[in-house]
Amino acid sequence: MTLTLAGVGYRYAGASRPSLLDVDLELPDGAVVGLVGPSEAGKTTVCLVASGLAPRTVSGQIRGRVLLDGEDVDAWPMHRLSARIGIGFENPSTQLSQVAGTVFEEVAFGPMNLGAARDEVVERTWEALTNMRIDDLAERDPGRLSGGQQQLVAMAGLLAMRPAHLVLDEPTAQLDPAGTRLVGEAIARLAAGGASILVAEQKTDLLAEVADRVVVIADGRILFSGPADETLADPRLVEAGVAEPAPVRLRRAAEAAGLDPARLEVPLDA
Amino acid sequence: MAGRVRLTDPQPARGLPDFLGRPGPTPVHRLNPLTKATLATVTAVAAVALGGLVGPILLVAVAVLVPAALARVLGRLLRLALLLALPIAISAFLVNLFFFPGAERVLLRIGPITATAEGLEFALQILVRILAISGAVTLFYLTTRPADLVVDLERRGISPRAAFVANASVQTVPAMVDRAAQITAAQRARGLDTEGSLWRRIRGIIPIVGPVILGSIAEVEERTMALEARGFTRPGRRTLLWAPADAGLERLARWAMVAALLALIVARVAGIWT
Amino acid sequence: MGIRWIAALVAFIVVILIGIVSIGNFDTGIDPDNFFDTEGANSFALIGAIALVVGFVVYAGVEYAQTGGLGSIARQFDTRTIVLMPIAVAINIILGATVANALKIPIYLDSIGTILVGVLAGPVAGALTGFLSNILWTYVIPPPFQNGPAAAFAVVAVIIGVLAGLAGRAGWMRPRPNRSIGQLGIGAVITVGVIVAMSWLAYLGWTSPAFGGEVNFDVAGSDAIFNVLGWLVLVLVAGTIIGLLALLFVRRDLTAAYVVVAGLGTGIIAALISAPISANVFSGVTGGGTDFLVAALRQAGADIGAATLGQGLISDPIDKITTFFVVYLILAGMAARTKARFPQGDRLLEEGGAADLEEGEWRGASA
């Protein structure tokens, strides 16, 4: 089931100019697509449009089409889309529902809302907890976990809804290094298992590891895109205001210093 | 379903975890939450409707103290109920003792104000009534988890959104207090003066109000998105993981309590009972 | 659509009249053995509550007959409102508990959340916020914030929410900066007049003769958080007066006058309904700073009913004016974009248009 944005433009309600113009993006089944760009480039807006929150929850005007396997989802209500596309945000604590006393109930929140039969809700919850490797946290109070753990709980809550695609908007932006590692590993595991994920990130190292394709966006428009290793090594990346991954930076530094990068004993493709 | 985010690790089947819906330690705890809520409300209203001294005292003994003893929370109940009633009790007692208009029998004179016997009687009645209400409400608080009551109401048919608001409110109060305390501590560390002159105190308050109230409101947008991303807008009922048990006997008891209360009110209003 | 409101209002008045006629007069003499005074003003609260419910049912019934649904009510409860309500309830309870427990001054400050939700989302949403706040405050919130009498006043909170919703719907909370001198002049007269009257009554209340006329600024309670929050409350009240005057004369914002009128009206109605409850259930004493005021009035010879009504008419308008002002400040601190997304948000924005958009098939809401 491919998620497609075709010629999408978006203007938030009350804004003087559009945040997105003419965006084409495709997220096929099993692919991991990274979205990079400087701040205010429109990464979050792309995520909101892809998940359907824009223009439904976040009022505004949209142009172009959002398609799931070729079908225009413009008329779909938010709850129907939420079962197909899950979206995670950067703030771990505001994603908590605040009505769950335990992590188990927090993760079960989504399937409960969808009205699945009780046994199925329980099964899906355990499945999501196990896949995020947090089943030992099932009894804990989600409000008392670390940021990284809360982010894993949020992702488990999305997975429990069994979406076709996951959209993650800068999942590690508000986490400390330990949390970043925790979430990064979880995303890598999901990717290895064949999940279809759109990740907006400023930390290009993470994308170097898990992404198949990378799309570069600035000022609401797509600048260029391509296979991950090519795009992340493209010199235009830095011009656009995005920090390149560490191996790429290392290689460039080596070349600038006159050293032959091939003779450095450092793996340059993560 | 084709195209699902595929998850690795098949696992053995696990049922509903046992930490959900754990029954309480005593039979009183295990009563259905609606029954306990009905008991508390009926007792509180009856304490007002009964009037006099004997009625409310008996009511307290039967509807508050006995169940509290059975629930093994009597000590805590007395402590908390007295704490709850104390500010009102003191004020009510003093105000009524000294300022009862039209009273004749003087007990004590302190300067311009006098304590009267009628005032004393009235004050005692008010005191007992306040203690009854505090006791009833505290009993409910001590034997019932709010989440259980909300789940029970949702099972009976209130909207999931109403249930959400009730549950979230209960969690938000302590969360907001924590946040205010954290911000206070942080600001103190940065030199905020919470003692000292009036002007300095006033200047110090502002950096706390902003983050707490405006910060909470600023989060509304993110929280709204997160909820809607998890199917919150789907109309109709949602699945409940568990619900408290209810017995036919309890249902009968609830109706009986309400009927008795209504009878009492009618008798009172019609002047049959004084 | 006005038919619904008219029908509801008619039903409301009819029930009140029936109630008054069948109960009798409103003499509030208290008989020590029988203080469930059947002929007293206590019945007014009951009648008022019943009339409110009947009015609401008639409103809903007419809407259902007209449109086959309850859209105008359901629309007030979108996800955003649902998310705001618990925050509003928490603000109500925390500030209200601080005033009642730690600060012995005759105001309540337990309706900021209710009025905020009413103004942003609508009358029914505001009403439910108030109702839930009071019920939770008594039954569910643990000490030190728990408040015993609160649940009995739930109906008052409901009415405050409704009034706030109506004020919001009428556009009263919309900023009106840079108005002409003439308009400001009228606004100034109203605002200053009300403030002066309220301040004088407040002064009377705070220096109640029964207790020696000492104005008490010490904040009781050992909890540091109460200390801090207690001072916050004092600041709020003083700030309100200064702020309203500043709004009017510095920013030339006419809404200051609307805030004062809304607060005054809500305060008077709230006092009328809460006085009988306070008098008959708690003999006028609920544990807060208002008790001193009641005592003072009784010392002066008033019976319980008159004393609580007197106290209410002094405390409530001050309280509600302050509350509406604080809500106006909160709204001013919110971005227009954020406010606009609430059900009544469009009535809280300044008059003005949205930017023009290039042509092309833009779909969706523009503001």
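Quantities reported herein were computed from a predicted structural model and do not represent experimental measurements. (Residues numbered from 1 in each chain as written. Chains lettered and ligands numbered in written order. Predicted model: local features only at pLDDT ≥ 70, side-chain atom pairs only at ≥ 80, totals over all residues.)

K.L.:
Even after reading the chapter, I still don't get the overall build of chain B, so can you show me in this structure?
P.N.:
The secondary structure content of chain B amounts to 9 helices and 2 strands. Along the chain direction, N to C, the helices and strands of chain B fall in the order α-α-α-α-β-β-α-α-α-α-α. Within the span of chain B, comprising 274 residues, buried residues form 43% of the whole. Of the contacts formed within chain B by residues at least 6 apart in sequence, a portion of 70% connects residues at least 24 apart. (Helix = DSSP H or I, 4+ residues; strand = E, 2+ residues; numbered from the N terminus. Buried ≥ 20, exposed ≤ 12 C-beta atoms within 10 Å, placed from the backbone. Contact = placed C-beta atoms within 7 Å.)

K.L.:
Help me understand the environment of arginine 234 of chain B in this model?
P.N.:
Tracing the backbone through its elements, the reader meets arginine 234 of chain B in the loop between helix 8 (198–228) and helix 9 (248–269). C-alpha of arginine 234 of chain B to C-alpha of alanine 47 of chain B: the two residues are 187 residues apart in sequence and 43 Å apart in space. Setting aside residues up to four positions removed in sequence, arginine 234 of chain B forms contacts with His79, Asn113, Leu114 and Gly115 of chain A.

K.L.:
Looking at this structure, I do not really get the interface of chain A and chain B. What am I missing?
P.N.:
Interfaces are frequently sized by the accessible area removed from exposure as the parts join. Each side of the interface is counted separately: chain A has 54 residues, and chain B has 41 residues. If you list the elements that add at least two residues to the side of chain A that touches chain B, you get helix 3 (78–82), strand 6 (85–88), helix 4 (103–114), helix 5 (118–131) and helix 6 (147–159) of chain A. Here the element with the most residues in the side of chain A that touches chain B is helix 4 of chain A; it accounts for 8 residues. Its residues assigned to classes, the side of chain A that touches chain B comprises 27 nonpolar, 21 polar and 6 charged. (Nonpolar A, V, L, I, M, F, W, Y, C, P; charged D, E, K, R; others polar.)

K.L.:
Looking at this structure, I do not really get the pairing of strand 10 (residues 221–227) of chain A. What am I missing?
P.N.:
On any regular strand, side chains alternate: one points to one face of the sheet, the next to the other face. Residues and elements named next belong to chain A. With 6 bridges connecting them, strand 9 (residues 213–218) and strand 10 associate as antiparallel partners. Residue alanine 218 lies in a different strand from strand 10, and its bridge partner there is arginine 221. If you look at the hairpin formed by strand 9 and strand 10, you'll find 2 residues sitting between the two strands, and aspartate 219 has a positive phi there, around 55°. (Pairing = 2+ DSSP bridges.)

K.L.:
It is not clear to me how the sheet that holds strand 10 of chain A should be interpreted in this structure. Could you clarify?
P.N.:
Hydrogen bonds between backbone atoms are what pair the strands of a sheet, whose relative direction is either parallel or antiparallel. Residues and elements named next belong to chain A. Strands sit in the order 6-7-8-3-9-10 across an open sheet of 6 strands; the sheet is mixed. Strands at the two margins of the open sheet, each flanked by one partner only, are strand 6 and strand 10. Geometrically, the sheet is characterised by an average inter-axis angle of 15° between neighbouring strands, direction not taken into account. In terms of strand pairing, strand 3 (residues 32–36) meets strand 9 through 4 bridges, oriented parallel. Its bridge partner lying in strand 9, valine 36 is registered against valine 216. Each of strand 3, strand 6, strand 7 (165–169), strand 8 (197–200) and strand 9 touches helix 1 (residues 43–51); the most contacted strand, strand 7, lies at about 155° to it. (Axes fitted to C-alpha atoms, helices over the stretch in contact; angles between N-to-C directions.)

K.L.:
I keep staring at the pairing of strand 7 of chain A and nothing clicks. Help me out?
P.N.:
All names here are of chain A. Within strand 7, 5 of the 5 residues are buried, which leaves the element mostly enclosed by the surrounding structure. Side chains His165, Val167 and Asp169 project from strand 7 onto one buried face, and the interleaved Leu166 and Leu168 project onto a second face that is buried too. Judged from the 4 bridges that link them, strand 6 and strand 7 form a sheet pairing that is parallel. Counterpart to glycine 88 in the pairing with strand 7 is leucine 168. Relative to strand 8, strand 7 runs parallel, the two being bridged by 4 bridges. Note on strand 8: the bridge partner recorded for aspartate 169 is alanine 200. The parallel pair strand 7 and strand 8 is bridged by helix 7 (residues 177–192), and the resulting crossover is right-handed. (Right-handed = clockwise from strand over helix to strand, strands pointing away.)

K.L.:
I would appreciate a short explanation of unusual backbone geometry in the present structure.
P.N.:
The bulk of non-glycine residues show a negative phi, and the bulk of peptide bonds are trans. The residue after alanine 54 of chain A, namely proline 55 of chain A, is reached through a cis peptide bond having omega 5°. Inspection of the secondary structure assignment puts proline 55 of chain A in helix 2 (residues 53–56).

K.L.:
In this structure, what is going on with the packing of helix 5 (residues 112–121) of chain C against helix 12 (residues 304–333) of chain C? I would like to understand it.
P.N.:
Residues and elements named next belong to chain C. Contact geometry for helix 5 and helix 12: axes closest at 9 Å, N-to-C directions at 55°. Classified by the interaxial angle, the pair formed by helix 5 and helix 12 is oblique. Crossing geometry of helix 5 relative to helix 12 is assigned as right-handed. Within the contact between the two elements, helix 5 uses Ile112, Ile115, Leu116 and Val119 and helix 12 uses Thr323, Phe324, Val326, Val327 and Ile330. (Parallel < 35°, antiparallel > 145°, perpendicular 65-115°, else oblique. Left-handed = near helix turned anticlockwise from the far one by under 90°.)

K.L.:
Even after reading the chapter, I still don't get the packing of helix 6 (residues 123–139) of chain C against helix 7 (residues 154–169) of chain C, so can you show me in this structure?
P.N.:
Two packed helices can be described by the angle between their axes and the distance between those axes. Residues and elements named next belong to chain C. It is the contact of helix 6 with helix 7, at a shortest axis distance of 7 Å, that shows an interaxial angle of 155°. With respect to helix 7, the axis of helix 6 lies roughly antiparallel. Here helix 6 runs over helix 7; the crossing is right-handed. Residue-level inspection shows Pro123, Ala125, Gly126, Ala127, Thr129, Gly130, Phe131, Ser133, Asn134 and Ile135 of helix 6 in contact with helix 7, the latter providing Ala154, Ala157, Val158, Ile160, Gly161, Val162, Ala164, Gly165 and Leu166.

K.L.:
Can you help me understand the confidence of the model for chain C in this one?
P.N.:
Close reading of the predicted structure is inappropriate where its pLDDT is low. Residues and elements named next belong to chain C. A residue-level look at chain C finds 72% of positions with pLDDT of 70 or above and a mean pLDDT of 75. Per-residue pLDDT, averaged within each element of chain C, yields its smallest value for helix 9 (residues 224–249) (68) and its largest for helix 5 (95). Confidence drops under pLDDT 50 across residues 208–223; counting only partners more than four residues distant or on other chains, this segment forms 25 contacts. Note that residues 353–359 has pLDDT below 50 and, in this model, 7 contacts with residues that lie over four places away or in other chains. At the level of chain-chain contacts, confidence expressed as ipTM amounts to 0.89, with global pTM at 0.84. (pLDDT = per-residue confidence, 0-100.)

K.L.:
Before we go on, may I ask you to explain helix 4 (residues 74–98) of chain B in this structure?
P.N.:
Since the α-helix turns once every 3.6 residues, residues separated by three or four places project in the same direction. For helix 4 of chain B, with 25 residues, the first-to-last C-alpha span of 33 Å sits near the 36 Å given by 1.5 Å per residue. Residue leucine 86 of chain B marks the point of greatest curvature in helix 4 of chain B, where the axis turns by about 50°; the proline proline 87 of chain B follows within four residues. (Expected span 1.5 Å × (residues − 1). Bend = angle between axes of the 7 residues up to and from the residue.)

K.L.:
What exactly am I supposed to notice about the environment of isoleucine 314 of chain C here?
P.N.:
All names here are of chain C. Along the chain, isoleucine 314 turns up in helix 12. With 24 C-beta atoms counted inside 10 Å, the residue isoleucine 314 sits in the buried group. Each C-alpha atom of the pair isoleucine 314 and isoleucine 107 lies 8.9 Å from the other, and the pair is 207 residues apart in sequence.

K.L.:
Can you help me understand helix 6 (residues 146–156) of chain B in this one?
P.N.:
All names here are of chain B. Of the positions making up helix 6, those classed as buried are Leu149, Val150, Val151, Asp152 and Glu154. Buried residues belonging to helix 6 abut helix 2 (33–50) and helix 7 (160–189). With its phi angle positive at about 130°, glycine 157 sits one or two positions after the end of helix 6.

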